[in-house]
Amino acid sequence: MEQKQEKFSTIGYIAAALGMCIGTGNVWRFPRVCAANGGAFIIAWTIAMLVFAVPLLSTEMAFGKKTRLGCIGTFRDAGGKKYTWMGFFVAAVCFFLMSYYCVLQGYCLKYAVNSVTSAFKPNLSTETTSAMWTAFTDSQAQVILFHAIGFALACFIVYQGIAGGIEKFCKVAIPALFIILVGLAIYAVTLNGANQGLQYLFTVKKEYILSPNTWIQAFIQAAWSTGAGWGFIITYANYVGEEEDVPTSCLIMGLGDNLGAILSALVVIPAICALSATPEAANEALSQGNFGLTFIYIYQLFTTIPGGRFISFIFFGLLAIAAITSLFSMIEVGVKCVVDLGLPRKKAVVSVCFAGFLVGCFSCWSLVNIDNQDWVWGIGLLISGAFIAILAWKYGVEKLRTQEVNAKGADVHLPKAYYTGCMYLIPVLVVIMVVYWLLQTKEWFPDTWLNPFIIQDNTGTVLLQFGVVILVGLALSKFFNTKTARGAMKDNKAAK
């Protein structure tokens, strides 16, 4: 079939995978969470990368290489026909993440444009930048326009194919991202007053190490930033050679993601501390949510420094590039599943992108809507990770480790105790995290936490949207089992 004719080079595969890992969540989410927990968070997050991300990424890559199918076909062939709906759930979670993620890319594009227009003026106040942010997000037409531009750019590149589109772009963009981050980090840490930010980052406090919240946040960040559980590694692994080293590739992804996140924190936190009028003002800025920290405070800070217009353009351009490289893999997850059903690749790309654009317009409509999608599908991502671990159980964890993960060509072999222990631990960790998140909503919204028809971050909206996806997956299982192309694995007769 057409998709089997395309292959990543080893460097191209790593670059494309890192493009997914090093996204906007690293640049605006990681610094904020890290500032709230200090050096303790960095320790917990590094452990989470090793315990959660690397084993899960290795599992996804092994299955993708073996089946040469997308998420839906992989769950059918590796687990059996009764598991197909889980593969649909993984693909659907990635689709909905893609749909609102492109809205975030549109925000970044808008602020890159703002940096080179008359909207950028010296010494803007936070009140002014806050008003600018509100005016933009309240204008659905503007948000939808930049959302459309973002999808059009991503669609054009993915349309060119694996080698000619995704790999070609990422081999240039990812090294450029690291160079820009290193340059901005060097600049930020040399500013007067940056020491306060470095203390935020690297001071390990006992109370944070012992706090369950620090560890829960660390595992959530590991899942988000590395792409573990998204299904994109299952998809990208379709396009690697048989000799590709699974453990080494996944370790590089995890470590590359960690490096990108640390560099991002070294840019954001010291800069805010150095450029804020007082330590109290810096604390206020760091306490803001994702949107407030990036599009209100950081943008305002750039207006107060020499060369701020140029630095602002580079920063928000960096965010836009980080977003689009992540968007490629999300699109490709859907494209591969559709191609497996028999649709030509280019038609699949256009169809998936157009559908994602339409669904993403819901998130364009208001910050409440995009927060809702972030909440729901963030939890969905953790559950997807658990489903992939359960698929490994069904296939046989030790069989998967010896025959597929530590296969011929692997320079690094994952030990049995490490890999097996992690794969059985991951679903337990996911249950703990999901239950923790959902129980919080009872405290946040005591009267409406189970109401599924209110757009807020509550338990009801999660159950409703998950329920619809699961029911659709179950209803279409027979169709997927029949129509999805056969991969490298034999049909699991026992699961019929």
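For the structure, see preceding data.
Residues numbered from 1 in each chain as written. Predicted model: local features only at pLDDT ≥ 70, side-chain atom pairs only at ≥ 80, totals over all residues. Heavy atoms only, no water.

Colleague: Quick question: what am I supposed to make of the pattern of salt bridges here?
Modeller: Two side chains that carry opposite charge are able to pair once their charged atoms sit near each other. Per the stated rule, a full pass over the model turns up 5 salt bridges. R345 serves as the salt-bridge partner of E332, at 2.8 Å between the closest nitrogen and oxygen. In this pair, E332 is assigned in helix α16 (residues 308-340) and R345 in helix α17 (residues 345-364), connecting sequence segments 13 residues apart. By relative accessible area, which is 0% here, E332 ends up buried. Assessed through its relative accessible area of 3%, R345 is described here as buried. (Salt bridge = Lys/Arg side-chain N within 4 Å of Asp/Glu carboxyl O. Helix = DSSP H or I, 4+ residues; strand = E, 2+ residues; numbered from the N terminus. Buried < 20%, exposed > 50% of the residue type's maximum accessible area, 1.4 Å probe, protein only.)

Colleague: Could you clarify how one ought to interpret helix α3 (residues 39-67) in this entry?
Modeller: The first and last C-alpha atoms of α3 sit 41 Å apart over 29 residues, in line with the 42 Å expected at 1.5 Å per residue. Burial analysis of α3 places 24 of its 29 residues in the buried class, the great majority of the element. Trailing α3 by a residue or two, R68 shows a phi angle of about 55 degrees, which is positive. (Expected span 1.5 Å × (residues − 1).)

Colleague: What should I look at first to understand a nonpolar patch on the surface in this one?
Modeller: Together, L341, F453, L464, V468, V472, L476 and F479 make up a nonpolar patch on the protein surface, roughly 600 Å² of accessible area in all. One can find V468 in helix α21 (residues 459-483). (Patch = residues over 30% accessible without salt bridge, like charges linked within 9 Å, V, L, I, M, F, W, Y side chains within 5 Å. Areas by Shrake-Rupley, 256 points an atom, 1.4 Å probe, with all protein chains shown as cover.)

Colleague: Even after reading the chapter, I still don't get the packing of aromatic side chains, so can you show me in this structure?
Modeller: Aromatic ring pairs: the centre-centre distance and the angle between the two ring planes describe each pair. Per the stated rule, a full pass over the model turns up 32 aromatic pairs. Consider the rings of Y107 and F136, whose centres lie 5.9 Å apart with planes at 80 degrees: the pair is edge-to-face. One end of the pair, Y107, is in helix α5 (residues 84-115); the other, F136, is in helix α6 (residues 126-137), and 29 residues separate them in sequence. The same class applies to Y107 as to F136, namely buried. Measuring from centroid to centroid gives 6.3 Å for W133 and F136, while their planes differ by 50 degrees, and the two rings are tilted. Taken together, the residues span about one helical turn, with W133 and F136 both in helix α6 at a distance of 3 residues. (Phe/Tyr/Trp six-rings, centres within 6.5 Å; stacked < 30°, edge-to-face > 60°.)

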